[in-house]
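# Structural overview
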Amino acid sequence: AKNFETYDETRFVSLQNWHSSLDMNQNPYWLNKRVVSEDKRNRSITNVSAILDITNDLKLSVKGTHDQTHDVYDQKSYAGTNAVLADKNGRYYYQSSKNVQLYGEAVLSYNKTFDDFSLSALVGTAINDVRRDATLVDSKSAGVKEWGEVYGLQYANVFSIQNIAQPGVTMQQAANYSQLQAMFGSINLGYKGMFFVDVTGRNDWSSTLSYTDNQSFFYPSVGLTAVLSEVIDLPASFDLLKIRASNAKVGNGVSSFDTNVLNPIGTSGFAPPVAVVPEGNELKPETQKSTEFGLELGMFSRRLNFDLTYYDN
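Residues numbered from 1 in each chain as written. Predicted model: local features only at pLDDT ≥ 70, side-chain atom pairs only at ≥ 80, totals over all residues. Heavy atoms only, no water.

## Observations concerning the overall build of the protein chain
Helices and strands together make up the secondary structure of the protein chain, namely one helix and 14 strands. In terms of C-alpha radius of gyration, the protein chain reaches 31 Å, well past the compact-globule figure of 20 Å for 313 residues. Taking the principal axes of its C-alpha atoms as reference, the protein chain extends roughly 95 × 55 × 40 Å. When the 313 residues of the protein chain are sorted by exposure, 27% land in the buried category. Summed over its atoms, the accessible surface of the protein chain is roughly 20200 Å², and 54% of this surface lies on carbon and sulfur atoms. Each charge class in the protein chain can be summarised by its mean position, and for the 27 positive and 34 negative side chains these summaries are 5 Å apart. (Helix = DSSP H or I, 4+ residues; strand = E, 2+ residues; numbered from the N terminus. Rg over C-alpha atoms; globule rule 2.2 N^0.38 Å. Buried < 20%, exposed > 50% of the residue type's maximum accessible area, 1.4 Å probe, protein only. Areas by Shrake-Rupley, 256 points an atom, 1.4 Å probe, with all protein chains shown as cover. Lys, Arg positive; Asp, Glu negative; His and termini not counted. Charge placed at Lys NZ, Arg CZ, Asp CG, Glu CD.)

Have a look at this one:
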């Protein structure tokens, strides 16, 4: 364990002592002590909610969430690490990303029973705001090539961004932002606990569809359920027989800036965008349609149960 490195008197640094030149086969003590990685995450989540009982059947609920995550990955590979993984003077890799999500929702709900009928309904609005900032720096292959080698770092084993050799350093910075606003509602109607009808609808406005003619999109669903064991006489061994059917549509936006492609800045300056999407283009949100049929069967005091589902998506 003490001989995993040897001192190089010409370079004034200690280098890996190992019999193999393969990057997949390095001295394990070297990897433990001289390829040092630190992965940190700081996360905070704050939830606030309130419920107002307007009447016995009508209530208003509001809630808000702040979710923030900060990830940092820091890796220091000392000089002497295999050349496939690090340069002559070592390698410094640093990545930081911060994600902040703000979510707010307000829902007005109503629940009531009328003789043989039960009614549950709600209407609400929501907003989801997401921001992401990321920075990456990597010294691999940086610097002027000399005698078939690059140094990566100006001074061996000094791990800081200022010490990365020029040119050729990998530096990336990204910022992403999107916001989704929505209104939604649902109605559930039941009859004698035997038949149920569910209807939902939602309309979204997505910032990722800016510069298109389809910034707003609506998607509904409808479902039917019948508890046949409450309607017809079944043998004593049958406890539950229920059938269900539903048809739904789900909408989804695209990635941020797909409709407003920006000019990236590379190591040599600005570069033209890969694709240019003109304003008022015909890009539409993703739509998923699904149809489902199901049957539930319970027997022998629910000791034997079947749940069969057929769906097409």
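## Remarks on unusual backbone geometry
A negative phi holds for most residues other than glycine; trans holds for most peptide bonds. The residue after Gln166, namely Pro167, is reached through a cis peptide bond having omega -5 degrees. Positive phi outside glycine occurs at Ser301, with the angle close to 55 degrees. If you trace the backbone, Ser301 turns up in the loop between strand 13 (286-299) and strand 14 (304-312). A positive phi angle, near 65 degrees, is found at Arg302, a position not held by glycine. The topology assignment puts Arg302 in the loop between strand 13 and strand 14.

## Overview of the nonpolar core
Tyr92, Val137, Ala142, Leu153, Phe159, Ile164 and Val169 form the largest nonpolar core, which has seven residues in total. When sequence neighbours within four positions are dropped, the list of residues in contact with Val137 reads Tyr92, Tyr93, Tyr94, Ile161, Ile164, Val169, Thr170 and Met171. (Core = buried A, V, L, I, M, F, W, Y, C linked by side-chain atoms within 4.5 Å. Contact = heavy atoms within 4.5 Å.)

## Considering the pairing of strand 10 (residues 238-252)
Regular strands show a simple pattern: their side chains alternate between the two faces of the sheet. One ladder, built from seven bridges, connects strand 9 (residues 216-227) with strand 10; its direction is antiparallel. Across the sheet, residue Thr225 finds its bridge partner in strand 10, namely Arg244. Looking at chain direction, strand 10 and strand 13 are connected through 14 bridges and run antiparallel. Within strand 13, the position partnered with Ala248 by the bridge is Ser290. (Pairing = 2+ DSSP bridges.)

## Details of the sheet that holds strand 3 (residues 35-53)
Strand order in the open sheet formed by 10 strands is 3-4-5-6-7-8-9-10-13-14, with antiparallel pairing between adjacent strands. In the strand order of this sheet, the two ends are held by strand 3 and strand 14, each with one partner. On average, adjacent strands in this sheet sit at an angle of 10 degrees to one another, irrespective of strand direction. Where strand 6 (residues 117-138) lies against strand 7 (residues 170-191), 22 bridges are found, and the strand directions are antiparallel. Residue Leu119 lies in a different strand from strand 7, and its bridge partner there is Leu189. (Axes fitted to C-alpha atoms, helices over the stretch in contact; angles between N-to-C directions.)

## A look at the pairing of strand 9
The sheet contact formed by strand 8 (residues 195-206) and strand 9 spans 11 bridges and is antiparallel. Within strand 9, the residue paired with Val197 across the bridge is Leu224.

## Quick look at the environment of Thr212
Within the secondary structure, Thr212 sits in the loop between strand 8 and strand 9. Distance in space between the C-alpha atoms of Thr212 and Asn260 is 9.6 Å, their sequence separation being 48 residues. Here Asn214 takes part through its backbone nitrogen, which lies 3.1 Å from a polar atom of the side chain of Thr212. (Polar contact = N/O pair within 3.5 Å; in protein donor to acceptor, adjacent residues only side chain to side chain.)

## Considering the pattern of salt bridges
Taken as a whole, this structure holds 15 salt bridges when the rule is applied. A salt bridge links Lys112 to Asp57; the nearest nitrogen and oxygen atoms lie 3.3 Å apart. Taken together, the residues Lys112 in strand 5 (residues 91-114) and Asp57 in the loop between strand 3 and strand 4 (58-77) connect sequence positions 55 residues apart. Lys242 serves as the salt-bridge partner of Glu296, at 3.6 Å between the closest nitrogen and oxygen. Remark: Lys242 occurs in strand 10 and Glu296 occurs in strand 13; sequence separation between them is 54 residues. Three or more residues are tied together by salt bridges with common partners; here these are Lys242, Arg244, Glu292, Glu296 and Asp307. (Salt bridge = Lys/Arg side-chain N within 4 Å of Asp/Glu carboxyl O.)

## Considerations on the side chain of Asp67
Among the structural elements, Asp67 can be located in strand 4. Note on Asp67: relative accessible area 13%, which makes it buried. At 2.6 Å, the side chain of Asp67 and the side chain of Arg43 are in polar contact. When sequence neighbours within four positions are dropped, the list of residues in contact with Asp67 reads Arg43, Ser44, Ile45, Asn99, Val100 and Gln101.

Just geometry here; none of it tells us what the structure is for.
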